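Take a look at the letters that make up each chain.
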Amino acid sequence: MDKPFLMPVEDVFSLHQGRLVMMTGRIERGSVRQGDAVEIVGFDGNVTHIIAGIEQSRVPIGRRRLRK
């Protein structure tokens, strides 16, 4: 069974006057797909958002998971 998705956020970029937020990081466990709900844990509490898209080097991809 897949472990829960975990990706520490390395950097955050705000695009299109704040309507789009892009986060970068390295996946430590689990997997994520476009359309999945993820919980973002931070200093101001936790929020849940839907993954709108996943890209690697500006190439859209549908799913990303930890490589073993």
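Refer to the preceding data block for the structure.
Criteria and cut-off values
- Residues numbered from 1 in each chain as written.
- Predicted model: local features only at pLDDT ≥ 70, side-chain atom pairs only at ≥ 80, totals over all residues.
- Heavy atoms only, no water.
- Helix = DSSP H or I, 4+ residues; strand = E, 2+ residues; numbered from the N terminus.
- Buried < 20%, exposed > 50% of the residue type's maximum accessible area, 1.4 Å probe, protein only.
- 1 Å grid on protein atoms, 1.4 Å probe; cavity = no way out; pocket = protein on both sides within 12 Å on 5 of 7 lines; lining within 4 Å.
- Points joined across faces, edges and corners; volume = space filled by probe spheres on them.
- Nonpolar A, V, L, I, M, F, W, Y, C, P; charged D, E, K, R; others polar.
- Pairing = 2+ DSSP bridges.

### Topic: the environment of glutamine 56
With respect to the element layout, glutamine 56 can be found in strand β6 (residues 54-56). In this structure glutamine 56 comes out as partly exposed when scored by relative accessible area, which is 41%. When the C-alpha atoms of glutamine 56 and threonine 24 are compared, they prove to be 9.7 Å apart, with 32 residues separating the residues in sequence.

### So, the layout of surface pockets
Counted as a void, the largest pocket has a volume near 1600 Å³. Taken together, 43 residues make up the lining of the largest pocket; nearest its centre are Met7, Met23, Thr24, Ile51 and Gly53. Every element with two or more residues in the lining of the largest pocket is listed here: β1 (9-15), β2 (20-25), β4 (37-42), β5 (45-50), β6, β7 (59-61) and β8 (63-65). Residue classes in the lining of the largest pocket are distributed as 24 nonpolar, eight polar and 11 charged.

### A few points about unusual backbone geometry
In this structure, histidine 16 takes a positive phi of about 55° despite not being glycine. Note that histidine 16 resides in the loop between β1 and β2.

### As for the pairing of β1
Pairing of β1 with β2 involves six bridges; the strand directions are antiparallel. Bridge pairing links aspartate 11 to threonine 24 in β2. The hairpin formed by β1 and β2 contains four residues between the paired strands, and histidine 16 there has a positive phi angle of roughly 55°.

So far we have only geometry, and geometry alone does not tell us how the molecule works.
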